[in-house]
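This is what each chain is made of:
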Amino acid sequence: MAQFIYKKKPQSFSFQNIKGFASPITVLYGGKTGNSKFIAEQLKEQFQKYELYPSVISMNDYDVNHLPNEKYLFIVVSTRGEGDPPAQAKAFYKHLFGKQLGHLPNLNYSVCALGDSSYQNFCKTGNDIDSQLKKLGAKAYIPLIKCDLAFKTKAEFWASSLLNKFQNRLNGDKLNLKFGTPETGPTFTLRVKDKYPLTSKQSTCEISHLILQTNHADFTYQPGDSLRIKPKNPYSLVVKIMLLQDYSHDTIVRYKDKKKSIEELLVTKLELTNLSKDVLKAYLQHTGNKDLKSLFKNENRLFKYLQLADVYDMLHDFPSQIEAQDLCLILDKINRREYSIASSANKTPNEIHLCVKQFNYSLFNRNRIGACSSYINKGLQVNSSLKAQLIPNNNFRLPEDDKPIIMIGAGTGIAPFISFMNERNALNSKANNWLIFGEKQKKHDFLYEKELESFVKNGILNKMDLAFSRDKAKKVYVQDILALKGKEIYQWLENGAHFYICGSIAMGKSVLNNLLLLVGKEGKYSKNEAYNYIENMKQSLRLHEDLY
């Protein structure tokens, strides 16, 4: 941790905010991966060095009725998918926009919003909260800051700005706080025990089942959890970048105070297959490329480019002979990818099963492959080892009381439901289970066909409905099953069933839209009443989403 020489307490700092006194500073955090909590706790740790002792609280645990009494409220919140608040922040978000909350003229606040600039509604939750607090009369202590996937530098700037304003520091006396390393949990070394294809050779997509073995006694997981894996970039992409920029294999740069070859960094340390707005902006500042400057003037074009382009595209489309040392400082560090676990520790101890889709696509006249999917499917062989972290997902758990469940998944979204079924089978659960699964063609893409049929035969799966969109002239998707089975689904919900959705964000939206229609029709509710029915399911933790 950075050590600061400045210890003097400014004379202008008057209120008592020391141990033994109530803190006028509250820091709320809300997210899924732990980044928001990390920032909140780092802010607290840094503030404490200067005799400031904030209260740090999860938004899920915060008493919203205390909001009118807050004096200083600093919020760190992420955005889920296409603009929704994360589960941890939903209750606070709903209360903030509710009619029962009055004006907040005595509140000073600031928001640090986390997001992913490849989504159109980048940092929407944080932006919504900032706008609503302003409408309620609260004063922005410092302006909203938006952080992309590589959030640390901007979050440090946010915390530094807050502390500098609190201590009324002059321009020449400002602090630049430095956070520690994000705690993402222990890293485990796993061995590939087996891998095999789940789709046929005639399928339009390649999906593999991976069995990983661990001998770590403290590696435990629950159904619904994920595994986070650090990939290696496709070597073909690394070569293209090096040829384009005329880098050689022995080009050496300094990275984190160590000498590294640019080739090694491009393979293992730097994000190449995804492009963030911050990286593009840093490249623009370094090169001054006129075409790139023009791109930034058109938000729609910029967003589409960020969705589609990678680092090679940036270097090719907006050419500049950038030095290897400068490039490695501009690029983000490589992002870890998460995969839902498709096994039960109670059935297969010391094993973790994954379901991994290979991303192959052509864009801008160039064939591309996904970084992590190619690393897993092409690079790893039986007995290979890899490093991974366990990511708990407490919002996607089996009910503890053996309530019935309805599971809706498309493609690799079936993974956690395989885990659910194996878990209930291992525990001899008598609960009712219903799976609605969809893919393209039954003949080529029926993932876990034999295992699912065995679950049906043995009574683990009481109902299974399938939607193979390419098998008939009229395409049928998982969301369409809701209309076809509406009456029975509603009866299950009325009997206390939990409702799970796993898959793409677009699929999840369609499922929720059809669920709204289903509830309205079968319950004879108005649109508002149906909406409240679903909101009550969310509040009572009976509606679970894992969308990507």
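Look a little higher up for the structure.
Residues numbered from 1 in each chain as written. Predicted model: local features only at pLDDT ≥ 70, side-chain atom pairs only at ≥ 80, totals over all residues. Heavy atoms only, no water.

**Things to note about the environment of Gln 213**
- By the element assignment, Gln 213 lies in strand E8 (residues 206–213).
- Taking the C-alpha atoms as reference, Gln 213 lies 5.9 Å from Lys 193; in sequence the two are 20 residues apart.
- Within the local environment of Gln 213, its side chain forms a polar contact with the side chain of Arg 191, the two groups lying 2.3 Å apart. (Helix = DSSP H or I, 4+ residues; strand = E, 2+ residues; numbered from the N terminus. Polar contact = N/O pair within 3.5 Å; in protein donor to acceptor, adjacent residues only side chain to side chain.)

**A few points about the nonpolar core**
- Leu 266, Leu 275, Leu 280, Met 314 and Leu 331 are the most contacted members of the largest nonpolar core, which totals 36 residues.
- Residue assignment for this core shows that the elements contributing at least two residues are helix H5 (235–245), strand E10 (252–255), helix H6 (262–268), helix H7 (277–287), helix H8 (290–295), helix H9 (299–308), helix H10 (311–317) and helix H11 (324–330).
- Apart from residues lying up to four places away in sequence, Leu 266 is in contact with Asn 233, Val 238, Ile 241, Met 242, Leu 272 and Leu 331.
- The next biggest cluster of nonpolar side chains, apart from the first, holds 29 residues, and it includes Ile 25, Phe 74, Cys 147 and Ala 155. (Core = buried A, V, L, I, M, F, W, Y, C linked by side-chain atoms within 4.5 Å. Buried < 20%, exposed > 50% of the residue type's maximum accessible area, 1.4 Å probe, protein only. Contact = heavy atoms within 4.5 Å.)

**Topic: a positive patch on the surface**
- On the surface, Lys 152, Lys 178, Lys 256, Lys 333 and Arg 336 cluster together into a patch of positive charge.
- Mapped onto the fold, Lys 333 is located in the loop between H11 and strand E12 (337–340). (Patch = residues over 30% accessible without salt bridge, like charges linked within 9 Å, V, L, I, M, F, W, Y side chains within 5 Å. Areas by Shrake-Rupley, 256 points an atom, 1.4 Å probe, with all protein chains shown as cover. Salt bridge = Lys/Arg side-chain N within 4 Å of Asp/Glu carboxyl O. Lys, Arg positive; Asp, Glu negative; His and termini not counted. Charge placed at Lys NZ, Arg CZ, Asp CG, Glu CD.)

**With respect to the packing of aromatic side chains**
- Inspection of every chain in the model, using the stated rule, returns 25 aromatic pairs.
- Look at Phe 47 and Phe 166: their rings are 6.3 Å apart centre to centre, the planes differ by 75°, and that puts the pair in the edge-to-face class. Of this pair, Phe 47 sits in helix H1 (residues 35–48) while Phe 166 is found in helix H4 (residues 152–166), placing the two residues 119 residues apart along the sequence.
- Here Phe 47 falls in the buried class, since its relative accessible area comes to 0%. (Phe/Tyr/Trp six-rings, centres within 6.5 Å; stacked < 30°, edge-to-face > 60°.)

**What about the layout of surface pockets?**
- In this model, the second largest pocket occupies a volume close to 670 Å³.
- Residue lining of the second largest pocket: 23 residues in total, with Asp 84, Leu 512, Tyr 531, Glu 535 and Lys 538 positioned closest to the centre.
- If you list the elements that add at least two residues to the lining of the second largest pocket, you get helix H2 (90–96), helix H18 (505–523), helix H19 (527–539) and strand E21 (543–547).
- In terms of residue count, H18 provides more of the lining of the second largest pocket than any other element does, six residues in total. (1 Å grid on protein atoms, 1.4 Å probe; cavity = no way out; pocket = protein on both sides within 12 Å on 5 of 7 lines; lining within 4 Å. Points joined across faces, edges and corners; volume = space filled by probe spheres on them.)

**Digging into the sheet that holds strand E13 (residues 351–358)**
- Pairing is antiparallel across the open sheet formed by six strands, whose spatial order is E12-E9-E16-E7-E8-E13. Each of the sheet's edge strands pairs with one partner strand only, and the pair in question is E12 and E13. Each adjacent strand pair in this sheet contributes to an overall mean axis angle of 45°, direction not counted.
- Of the pairings in the sheet, the one linking strand E9 (residues 226–229) to E12 comprises four bridges and is antiparallel in character. Paired with Arg 228 across the two strands is Glu 338, which belongs to E12.
- Together, strand E7 (187–197), E8, E9, E12, E13 and strand E16 (385–391) form the strand contacts of helix H12 (residues 371–379), whose direction differs from that of E13 by roughly 120°. (Pairing = 2+ DSSP bridges. Axes fitted to C-alpha atoms, helices over the stretch in contact; angles between N-to-C directions.)

**Remarks on H9**
- Among all positions in H9, only Leu 302, Phe 303, Tyr 305 and Leu 306 are buried. Buried positions in H9, seen along its axis, are confined to an arc of 165° and lie on one side of it. Exposed side of H9, more than 90 degrees from the buried face: Asn 300 and Lys 304 are the residues found there.
- Summarising the contacts, the buried residues of H9 are in contact with H7, H8 and H10. (Arc of directions from axis to C-beta.)

**A few points about the packing of H1 against H4**
- Running from N to C, H1 and H4 cross one another at 35°; their axes reach a closest spacing of 10 Å. When you trace H1 past H4, the crossing you get is right-handed. Touching Ile 39, Leu 43 and Phe 47 of H1 are Ala 155, Trp 158, Ala 159, Leu 162, Leu 163 and Phe 166, all from H4. (Left-handed = near helix turned anticlockwise from the far one by under 90°.)

**Thoughts on unusual backbone geometry**
- In this structure, Asn 383 takes a positive phi of about 80° despite not being glycine.
- With respect to the secondary-structure elements, Asn 383 resides in the loop between H12 and E16.
- Overall, the relative accessible area of 53% leaves Asn 383 in the exposed class.
- In this structure, Asp 402 takes a positive phi of about 60° despite not being glycine.
- Tracing the sequence through the fold places Asp 402 in the loop between E16 and strand E17 (405–410).
- The class for Asp 402 is partly exposed, based on a relative accessible area of 40%.

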